[in-house]
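Working through the structure, step by step
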Amino acid sequence: MRLKELEIDNNNNLILDIMEIPISCVIVVCEGKAKLAELPPFAETKIYTHQGKVQRVKWDEGETF
């Protein structure tokens, strides 16, 4: 799975070291959970929601010719 769960501490803080995450990435936060995914070089990334909650993250990857 592409999305990796990020840790949220007891004080509800999300602490990231920007030197350790990918150069190009997306962080999705919903309902007290946070997930990170590296963005591919050529793709369309869609985040689907339902009633204000994240349901799915979908990648449509391609390659330039």
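Our subject in this report is the structure included herewith.

Our focus in this paragraph is the packing of aromatic side chains. Where two aromatic rings form a pair, the distance of their centres and the angle of their planes describe that pair. Under the criterion given, the structure shown has 0 aromatic pairs. Sitting above the plane of the W59 ring, R2 keeps its charged end 4.5 Å from the centroid.

Moving on: the pattern of salt bridges. Side-chain pairs of opposite charge can arise where the charged atoms are in close proximity. Applying the stated criterion across every chain yields a total of 3 salt bridges. We note a salt bridge from E31 to K53, for which the minimum N-O separation is 3.4 Å. Residue E31 is located in the loop between β2 (25-30) and β3 (33-38), and its partner K53 is located in strand β5 (residues 53-61); the two are separated by 22 residues in the primary sequence. Overall, the relative accessible area of 59% leaves E31 in the exposed class. Under the relative-accessibility criterion, K53 is labelled partly exposed at 37%.

What follows is about the nonpolar core. One broad rule of soluble globular proteins: the nonpolar side chains tend to lie buried together. If you look at the biggest cluster of nonpolar residues, it comprises 5 residues: V26, V28, A37, V57 and W59. Secondary-structure elements contributing two or more residues to this core are β2 and β5. If sequence neighbours within four positions are ignored, W59 has contacts with R2, L3, A37, L39, P40, E44 and T45.

Here the focus is the environment of I27. Structurally, the position occupied by I27 is in strand β2. Placed 10 residues apart in sequence, I27 and A37 show a C-alpha to C-alpha distance of 6.7 Å. Setting aside anything within four residues of it in sequence, one finds I27 in contact with L6, L14, L16, K35 and L36.

Moving on, we come to the pairing of β2. The two faces of the sheet receive side chains in turn, since in a regular strand these alternate between them. Burial along β2 is one-sided: V26, V28 and C30 are buried, while C25, I27 and V29, pointing the other way, are not. Relative to β3, β2 is paired through 6 bridges, and the arrangement is antiparallel. Paired with I27 across the strands is L36, a residue of β3. Hairpin connection, β2 to β3: the antiparallel pair is bridged by 2 residues, and E31 has positive phi, about 50°.

Before going further, it helps to spend a moment on the pairing of β5. Both strand β4 (residues 43-50) and β5 contribute to a ladder of 8 bridges, which runs antiparallel. Counted as the bridge partner of H50 is K53 from β5. The hairpin formed by β4 and β5 contains 2 residues between the paired strands, and Q51 there has a positive phi angle of roughly 55°.

Conventions we followed
Here the residue numbering is sequential within each chain, running from 1 through the sequence in written order. Owing to the predicted nature of the model, reporting of local features is limited to residues with pLDDT of at least 70; listing and counting of side-chain atom pairs is limited to 80 or more, with chain, interface and lining totals taken over all residues. Based on all heavy atoms of the structure, the side-chain values leave hydrogens and waters out of the count. Aromatic pairing here means that ring centres of Phe, Tyr or Trp (its six-membered ring) are within 6.5 Å. Orientation follows from the plane angle: under 30 degrees is stacked, over 60 is edge-to-face, and everything else is tilted. Note on geometry: a ring has a charge over it if NZ (lysine) or CZ (arginine) is within 6 Å of the ring centre and within 35 degrees of the ring normal. A pairing counts as a salt bridge when a side-chain nitrogen of Lys or Arg comes within 4 Å of a carboxyl oxygen of Asp or Glu. For the purposes of this entry, the term helix denotes a DSSP run of H or I that reaches at least four residues, the term strand denotes a run of E that reaches at least two, and both are numbered from the N terminus. Between buried and exposed lies partly exposed: a residue is buried under 20% and exposed over 50% of the maximum accessible area for its type, with that area taken using a 1.4 Å probe on protein chains only. Remark: nonpolar core denotes a set of buried residues (Ala, Val, Leu, Ile, Met, Phe, Trp, Tyr, Cys) joined through side-chain atoms within 4.5 Å. The contact criterion used is simple: two residues touch if any of their non-hydrogen atoms lie within 4.5 Å. Strand pairing is defined by DSSP finding a minimum of two bridges between the two strands.

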